[in-house]
Amino acid sequence: MEGLILICVIVVLLFSLMVLILSRYKKCPSDKVMVIYGKVGSNKDGSTRSARCIHGGAAFVWPVFQAFEFLDLTPLSISVDLENALSRQNIRINVPSRFTVGISTEPGVMQNAAERLLGLKLQEIQELAKDIIFGQLRLVIATMDIEEINTDRDKFLEAVSRNVEGELKKIGLRLINVNVTDISDESGYIAALGKEAAAKAINDAKKSVAEKERDGSIGEAQAHRDQRVQVAQANSLAIQGENTAQVEISMSNAARREKEAEALKIATSAEKIQAARALEEAYAAEQKAETARYAREKATQEADVIVRTEIEKRKKELEAEAEAEQIRRRARGEADAILAKMQAEATGMQAMLTKQAEGLRDIVTAAGGDPSAALRLMLADKMEELMRIQVEAVKGIRIDKVTVWDNGASGQDGKTATAGFVSGMMKSIPPLGELFDMAGMKLPDYLGSEKASAPQQAAPAPETPSDTL
């Protein structure tokens, strides 16, 4: 019985788990974009993804770790009644238009929509797109002349579509359609352009009619003339009357042609005058636009120079601060190195003096605690070296090369100058007995117990200007 209950519980748990899995497997309709957010992995460059967009498919949404929402792909029709937009000629115009936009399904643009439009209502998305369209439409109108906007609609619509769609993609929208209904201006410039074109067409038509009538009259007159010449040949009496009538007709035709020519001249002059005035106004507007552009470019250049100068100034300040900090760190490092070196030298000197003191203490201990005996021991140990130094002092002197100049006179003790020089030089070296006496020791008997007696007086040397030993 207990086993049956356990099996039922396992079946219920498995069924619940399957229902949970099936409930978290979400399908995306064709008119929507499903945005899964939460823990959705990373991009190829290692950065964290904010969301995963799916259009036309299905995906499993992990519970707790992930959630999902839908973006509606329904197109939005936006009425943009732009008024008082400034054209490149500084003439304000009204451009009523209607734009149709919708959320894009392109991968990168769809990601922008998920990051910027998720959770917004269609009305809020419409207002956001409307603001962007207003700005770009004004920008395009500011770069074009009224003649281009009014006559070349394809170019105008292409520029508007290019600018508006580029900005809409940044928030995840795409431009579907643009429709400009009519363009007008408060100054009547567009209406004047229409009237000018209509007047030109009417004048061209009148001119063509006058030329055709003139050709017909000339042909008719020539036909009548031929007929009457032939009749005049048969009837000489009628010739004079007919010639008179022909002259009157010719005079009348000449007067009529003169009037037509004057009318044509007046029409042509008026047309040229209007065209010249239009060009003059256009040049004046272009001059104002160039003046404004010059002021804007000048302000931009000045701003660039000031910003660049500030950046260079800040850069030099930072470099100077970095160099000063580097110098301070280098000085601290050198000071630490010198301190460490002096501490090491002091430690070594202390250790050496300590060892030397320990050695002296051992010598005194070996001498039975008598410092004098210890001193004699140390001197006895150094006696060989002292004797070697004493011998080294006179070892290099070559007596045969010593020359003494004197007058041959003897000293007080009867010695010559040469003998006195050698005697004085030898006396400058302490005798062995005196060294032992200074050390507090007694010279052994086999080395001599008494000081040598003074040498006997030498016989007077013959007078010679010099002695060479």
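See the structure printed just above.
In what follows, the accompanying structure is described. Quantities reported herein were computed from a predicted structural model and do not represent experimental measurements. (Residues numbered from 1 in each chain as written. Predicted model: local features only at pLDDT ≥ 70, side-chain atom pairs only at ≥ 80, totals over all residues. Heavy atoms only, no water.)

## Re the overall build of the chain
Next up, step 1: Secondary structure summary: the chain contains 10 helices and 11 strands in total.
Next up, step 2: Counting only residues that meet the buried cut, the chain has 20% of its 469 residues in that class.
Next up, step 3: For the chain, the proportion of contacts with a sequence separation of at least 24, taken over those separated by at least 6, is 69%.
Next up, step 4: Total accessible area on the chain stands at roughly 33,200 Å², and carbon and sulfur atoms take up 58% of it. (Helix = DSSP H or I, 4+ residues; strand = E, 2+ residues; numbered from the N terminus. Buried < 20%, exposed > 50% of the residue type's maximum accessible area, 1.4 Å probe, protein only. Contact = heavy atoms within 4.5 Å. Areas by Shrake-Rupley, 256 points an atom, 1.4 Å probe, with all protein chains shown as cover.)

## Quick notes on the nonpolar core
Next up, step 1: The biggest cluster of nonpolar side chains holds 42 residues, and the ones touching the most others in it are Phe-99, Ile-141 and Phe-156.
Next up, step 2: In terms of residues, this core owes the most to one element, helix α3 (residues 122–142), which gives seven residues.
Next up, step 3: Residues in contact with Phe-99, not counting those within four places in the same chain, are Leu-76, Ser-77, Ile-78, Val-80, Ile-133, Leu-137, Val-160, Val-164, Leu-175, Asn-177 and Val-178.
Next up, step 4: Of all hydrophobic cores here, the second largest spans seven residues; its members include Ile-36, Val-40, Ala-59 and Val-61. (Core = buried A, V, L, I, M, F, W, Y, C linked by side-chain atoms within 4.5 Å.)

## Here we look at the packing of α3 against helix α5 (residues 153–168)
Next up, step 1: Between α3 and α5, whose axes approach to 9 Å, the crossing angle comes to 140°. Overall, the two elements α3 and α5 adopt an arrangement that is oblique. Note that α3 runs across α5; the crossing there is right-handed. Along the contact surface, α3 presents Ala-129, Ile-132, Ile-133, Gln-136, Leu-137, Leu-139, Val-140 and Ile-141, while α5 presents Phe-156, Ala-159, Val-160, Asn-163, Val-164, Glu-167 and Leu-168.
Next up, step 2: Classifying every residue of the contact of α3 with α5 by side-chain character gives 12 nonpolar, two polar and one charged. (Axes fitted to C-alpha atoms, helices over the stretch in contact; angles between N-to-C directions. Parallel < 35°, antiparallel > 145°, perpendicular 65-115°, else oblique. Left-handed = near helix turned anticlockwise from the far one by under 90°. Nonpolar A, V, L, I, M, F, W, Y, C, P; charged D, E, K, R; others polar.)

## So, the packing of aromatic side chains
Next up, step 1: Enumeration over the complete set of coordinates arrives at one aromatic pair.
Next up, step 2: Centre to centre, the rings of Phe-68 and Phe-70 are 5.7 Å apart; their planes meet at 85°, and the pair counts as edge-to-face.
Next up, step 3: Its relative accessible area of 35% is what places Phe-70 among the partly exposed residues. (Phe/Tyr/Trp six-rings, centres within 6.5 Å; stacked < 30°, edge-to-face > 60°.)

## Thoughts on the pattern of salt bridges
Next up, step 1: By the definition in use, this model includes 10 salt bridges.
Next up, step 2: Across the pair Glu-325 and Arg-332 runs a salt bridge whose closest N-O atoms are separated by 3.7 Å.
Next up, step 3: Through salt bridges with shared partners, a single network forms among Glu-325, Arg-328, Arg-329 and Arg-332. (Salt bridge = Lys/Arg side-chain N within 4 Å of Asp/Glu carboxyl O.)

Nothing here speaks to function; it is geometry throughout.
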